[in-house]
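Report on the structure
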Amino acid sequence: MRPADACVVLVVGGSSSHASEVQTMLSQIRSYGVSVELCAHSTEALARLSSGGVAAVLAFDDYVGASVQRGILEQDILAPLVVIQELSSDDPVAERLRQREAGAAECLAFTELSPAVLRVALLGSIETHRGITQMQGADVSSVLDPDTGLFTTLAMRRRLAAAIDRSEAESDYRYATLYIDTAAIHPSDLLSATDVAALRTRVGLRLAHIANDFVAAPVGETGYVVLFRGFPEGEDLGAADSVRRELQRPYDHDDDQLYLDLGFGLARGRGRDANAQAAIDRARCEVVVPRVPRLHTHSASERRPPATDVVASELAQALQREEFSVTYQPIVDIQSQRPYGFEALIRWRHPDGEERPAADFINAANDSELIVPIGYWCVEAAMRQMADWHSEFEHLPDLCISMNLSAPQVLDPLFVERVRSMLMTTGLKASAVRFEIEAGTIADHNKEARALVEGLSAAGSKVWVEDYGLSDCTVDDLRGFPLDGFKIDRRFVSRIDGTEMTSGRIRHIMTAASALGLRTLGEGIENQLQANVLRWLGCQLGQGYLYERPLSVAEVYAYLAEA
Ligand code: C2E
Ligand code: MG
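The text that follows walks through the structure, step by step, so that each part is easy to find. All of these numbers come straight from a predicted model, not from anything done at the bench.

**Some details on the site of ligand 1**
- Taken together, 24 residues surround ligand 1, and among them R347, S406, E466, E526 and Y545 come closest.
- With respect to ligand 1, the backbone of A358 contributes an N or O atom lying 3.3 Å from an oxygen atom.
- About the coverage of ligand 1: the protein hides 86% of its 790 Å² of free accessible area.
- In terms of residues, the shell around ligand 1 owes the most to one element, strand β14 (residues 339-349), which gives 4 residues.
- Split by residue class, the shell around ligand 1 holds 11 nonpolar, 6 polar and 7 charged.

**Focus: the packing of helix α6 (residues 153-169) against helix α9 (residues 276-285)**
- At a closest axis distance of 8 Å, the pairing of α6 and α9 adopts a crossing angle of 95 degrees. Taken together, the axes of α6 and α9 lie roughly perpendicular to each other. Of the residues in α9, those in contact with R157, L160, A161 and I164 of α6 are A276, Q277, A279 and I280.
- Taken together, the residues of the contact of α6 with α9 break down into 6 nonpolar, 1 polar and 1 charged.

**Observations concerning the sheet that holds strand β3 (residues 54-60)**
- Spatially, the 5 strands line up as an open sheet ordered β2-β1-β3-β4-β5, and their pairing is parallel. Edge positions in the sheet fall to β2 (34-39) and β5 (106-109), since each has one partner strand and no second. Strand-to-strand twist across the sheet, computed as the mean angle between neighbouring axes with direction ignored, equals 20 degrees.
- Where helix α2 (residues 42-50) meets the sheet, it contacts β1 (7-12), β2 and β3, and its direction lies at approximately 165 degrees from that of β1.

**What about the pattern of salt bridges?**
- For the structure shown, the criterion picks out 22 salt bridges.
- Salt-bridge contacts for R268 lead to E417; the nearest nitrogen and oxygen are separated by 3.1 Å. Residue R268 is located in strand β11 (residues 263-268), and its partner E417 is located in helix α14 (residues 415-426); the two are separated by 149 residues in the primary sequence.
- By relative accessible area, which is 22% here, R268 ends up partly exposed.
- Its relative accessible area of 26% is what places E417 among the partly exposed residues.
- Close ionic contact of R284 with D281 constitutes a salt bridge, the shortest N to O distance being 3.4 Å. With R284 and D281 both in helix α9, this residue pair falls 3 residues apart, about one helical turn.
- Overall, R284 belongs to the partly exposed group, its relative accessible area being 36%.
- In this structure D281 comes out as partly exposed when scored by relative accessible area, which is 30%.
- Each of D241, R244, R245, D412 and R418 takes part in one network of salt bridges that share partners.

What counts, and at which threshold
- Residues numbered from 1 in each chain as written.
- Chains lettered and ligands numbered in written order.
- Predicted model: local features only at pLDDT ≥ 70, side-chain atom pairs only at ≥ 80, totals over all residues.
- Heavy atoms only, no water.
- Near = heavy atom within 4 Å.
- Polar contact = N/O pair within 3.5 Å; in protein donor to acceptor, adjacent residues only side chain to side chain.
- Areas by Shrake-Rupley, 256 points an atom, 1.4 Å probe, with all protein chains shown as cover.
- Helix = DSSP H or I, 4+ residues; strand = E, 2+ residues; numbered from the N terminus.
- Nonpolar A, V, L, I, M, F, W, Y, C, P; charged D, E, K, R; others polar.
- Axes fitted to C-alpha atoms, helices over the stretch in contact; angles between N-to-C directions.
- Parallel < 35°, antiparallel > 145°, perpendicular 65-115°, else oblique.
- Contact = heavy atoms within 4.5 Å.
- Pairing = 2+ DSSP bridges.
- Salt bridge = Lys/Arg side-chain N within 4 Å of Asp/Glu carboxyl O.
- Buried < 20%, exposed > 50% of the residue type's maximum accessible area, 1.4 Å probe, protein only.

In structure tokens:
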């Protein structure tokens, strides 16, 4: 260890025997080059801190320790504080939380102190300190990227390395890295090279603006990396999703609003990465590169902007103004007509007062990829609603809710984890959840679709394939997927007129389903003949105007009350 790497840990307060016990333990953390200084008075300790070079403060929870803690907060001193105290046996977790709220980086019970525990508690601070002092001039500003105010790549790597070490030593410490790829923003008719550079910087500036509970840095020419540390299980996903939503809001550019195609990849840690670079690479590998790099623009000055772009920017507004709602179309057992569940279908209460069916705007939402945030909203609303119905109608415990996923949602690497956390927050059981994915999407994005279906299945939910027979998708494309069933498209069902000719395609789909061991659901059933033919062909479930149209929440209550 070079002397320049040595750093000071200041031990404040405590009885002289306790302080020297801690000093002995710290002297055993040799590999980190820690040197220890004891301070018995708060003024002395604060003066020492102001003179710099202290990597961390270990403060006993006594009068001296408490006044140093106050001083650190008041004077905005950067050194992290580890508090050592007697933890009451009643609620030690609450006490640790209270200390964290009061600005402590860690709170340790005196009885649990050992060289290993101290090493873990101090590791992050020591690495950070070393990162700062190794920079030229040991100036904190040199760890910041001058363009964006984010950390520099090197400063970020040090934090990431410390998080990796800590996750190895501490079983419940988690970290996650989010890689943001701006490579799809490139010069075009619309954007000069200068515009492109400025837009990339603006992505970084927006990131810096929201970086309250994470650290972020630019990496390479076109990437940013975000590090989430010490989040409770699942919360890093919510945080990653907020980052994504924020960065995907449109960017003003002259008179235009630009929707940038950014790639996002999340890699969750815990002892899996050999070093910081490995963690960054893993996140980068998770990035789903937009298939066609594209820039959506809405020009306020144009009289007639292209139709989808108008709708896309209207949709972004609709999401902000909460103009969406969900209707629920009953799915029934085709034999008994008993309710089996519902398909959630999104609706848009347009500012013109009309309610628009999904068919009117879902393509624009898919093209602009706004379906990702809109879909999250819809999935969460439907799950919450279904959880309500479960508690209201206890005699129907197996009712399920089916939700549609389009290609951008299937390509979203955060989707499965987000669903897991929504299951937790809504309280809905995973077995009540179905997702519908078009066969064509599975064929086009086989690898991603497999990961998604496997992830959802591991979470306890089920996936149905829609539109089989309307794309190139074959049984082989679906083999090995843990699927639950096939939906027979209403375009096939509507052709049923009792002749062998019209049911031939359906028979073919039924054969494919049985080759894969799947159940079938006929959709768009409008008359009894269609229902009878489907039942005769072995289809178990049905949906369509013959039974019910998509219903409002209030109508579902009435429908279930009679079931
Ligand atoms: P889909 O999954 O095939 O949904 C069924 C569509 O058929 C719905 O139209 C529904 O209102 C309509 N429908 C139901 N029964 C009958 C019937 O008996 N006859 C006829 N002619 N039509 C019937 P909607 O609500 O306009 O949805 C259109 C498509 O939009 C859906 O097709 C689905 O692919 C997509 N979609 C709807 N909600 C969402 C959503 O939340 N997320 C995503 N990603 N896509 C959605
Ligand atoms: Mg559907």
